[in-house]
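# Structural features, examined
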Amino acid sequence: MLELGVQTKEIVRDEDPEQGFRLLRDAGFSCADFSLNAYLLNLDIYDAHLNAFFDADIEELERFFTPHKQGAARAGVRIYQMHMPYPIFVPQGTDEANAYLWQQVAPKSVRICAFFGCRYLVMHGFKLARELGSEDAEWAQTEKLIHFLAPLARELGVTLCVENLYSGLGRHMLEGPCCNARKMAARIDRINAQYGAEVLGFCFDTGHANLVGIDMEDFVMVLGSRLKVLHLHDNDGIADLHQIPYTFTRTRENTSSTDWPGLLRGLRAIHYDGVLNFETAPVLTSFPAEMEEVVLRFLARIGRYFSEQVTHGAENDGAF
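Let us look at the structure shown here. (Residues numbered from 1 in each chain as written. Predicted model: local features only at pLDDT ≥ 70, side-chain atom pairs only at ≥ 80, totals over all residues. Heavy atoms only, no water.)

## Observations regarding the overall build of the chain
Worth spelling out the cut-off: Put simply, DSSP H or I for four residues or longer makes a helix, DSSP E for two residues or longer makes a strand, and each gets a number counted from the N terminus. This radius of gyration counts C-alpha atoms alone. The globule rule is 2.2 Å times how many residues there are, raised to the power 0.38. Whether a residue is buried, partly exposed or exposed follows from its accessible area with a 1.4 Å probe, protein chains only, as a fraction of its type maximum: under 20%, in between, or over 50%, in that order. Note that accessible areas follow from Shrake-Rupley with a 1.4 Å probe, and for residues the cover is restricted to the protein chains shown. Here the positive residues are Lys and Arg and the negative ones are Asp and Glu; neither His nor the chain ends is included. Here the site of a charge means NZ on Lys, CZ on Arg, CG on Asp, or CD on Glu.
Tallying secondary structure elements over the chain gives twelve helices and ten strands in all. In terms of C-alpha radius of gyration, the chain reaches 19 Å, essentially the compact-globule figure of 20 Å for 320 residues. Judged by the C-alpha coordinates and their principal axes, the chain covers about 55 × 45 × 40 Å. Burial analysis of the chain (320 residues in total) assigns 53% to the buried set. Accessible surface computed for the chain: about 14000 Å², of which carbon and sulfur atoms make up 50%. For the chain, the distance from the average site of its 29 positive side-chain charges to the average site of its 44 negative ones is 3 Å.

Below, the structure is given as structure tokens:
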């Protein structure tokens, strides 16, 4: 069976991290996606309200996160992946703020990831296609940050993982950075060859893919072994809701909004052996607090179903 993971946001709290990790373990998760982005929120970054959390030096940050690291270990939960605060570049932001995000937040995120013994750090590419005129020009700016971080990532054994994003234009969702699987496969191979190490991988986000109509099976199969981590969540095809898989339908016949069968076929075809990770923090605030453990157990049960489909194939179709 593949291991299961879920975001720590809304579950693991600074005042008693071990309690949250034990809740995850008891619900059926052996891994966690540590929400480093919870310490510098994206809305605050866009509004230029940068807090002082990443002003601390790395030794202070390691002391702050020591209870989290120890709590996870005592609970028997592995920090498998982590999410860097985002965005790391704001097109309309000040030079000072963008320099801070690039030179302080990003490299300290890599070091915190290594402190946890975590291999994979998810980062967002820059949304600049409209400003620069093309996706290739947009990627060139993201690649500058990757090259800035790659020597440190190689030294510490961290793999940076870019993910497929969306972009909004009015009320329409459009493809954002990293939505072309073939381009991304070539870019990942080129950069890793340059550094002689897996400094770059991919995080496939099912919710973002659903919003812009990506063929999930094809995307995953093109990525192959470059796919390192997953963000599994559902939406209605209109907004980025981060909800439980199978929550939304497109027809009265209950055709799922998200192509879960295609995703699972793709993962099975590439012999995916990583963690089935749910990026579903908003679910924990959608239900009453008293139902937290029930909801987590349900997510884990869906994860076990996913694992059965990925590892055993068509003979389990329809089994739950």
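After that view of the structure, there is still more to cover.
## Here's the deal with the pairing of strand E4 (residues 120–123)
The line we're drawing: With the strands aimed away from the viewer, a crossover counts as right-handed if its path from the first strand over the helix to the second runs clockwise. Strand pairing is assigned whenever DSSP detects at least two bridges linking the two strands.
Burial of the side chains of E4 extends over both faces: Tyr-120 and Val-122 are buried on one face and Leu-121 and Met-123 on the other. Following the backbone out of strand E3 (residues 78–83), through helix H4 (residues 95–115) and into the adjacent parallel E4, one traces a crossover that is right-handed. Across four bridges, E4 lies against strand E5 (residues 159–163) in parallel orientation. Each bridged residue has a counterpart across the sheet, and for Val-122 the counterpart in E5 is Cys-161.

## Some details on the pattern of salt bridges
Selection criterion: What makes a salt bridge here is a side-chain nitrogen of Lys or Arg within 4 Å of a carboxyl oxygen of Asp or Glu, nothing more.
As enumerated under the stated definition, the model contains 15 salt bridges in all. Taking the shortest distance from any N to any O, the salt bridge between Asp-136 and Arg-187 comes out at 3.1 Å. Here the residue Asp-136 occupies a position in helix H6 (residues 135–156), and Arg-187 occupies one in helix H7 (residues 181–195), the gap between them amounting to 51 residues. Among the residues examined, Arg-187 registers a relative accessible area of 7% and is labelled buried. Here Glu-143 ties to Arg-190 by a salt bridge, and the two come within 2.8 Å at their closest N and O atoms. Taken together, the positions of Glu-143 in helix H6 and Arg-190 in helix H7 put the pair 47 residues apart, joining distant regions of the chain. Judged by relative accessible area, Glu-143 falls into the buried class, the value being 11%. Sharing partners across several salt bridges, the network here consists of Glu-135, Asp-136, Lys-183 and Arg-187.

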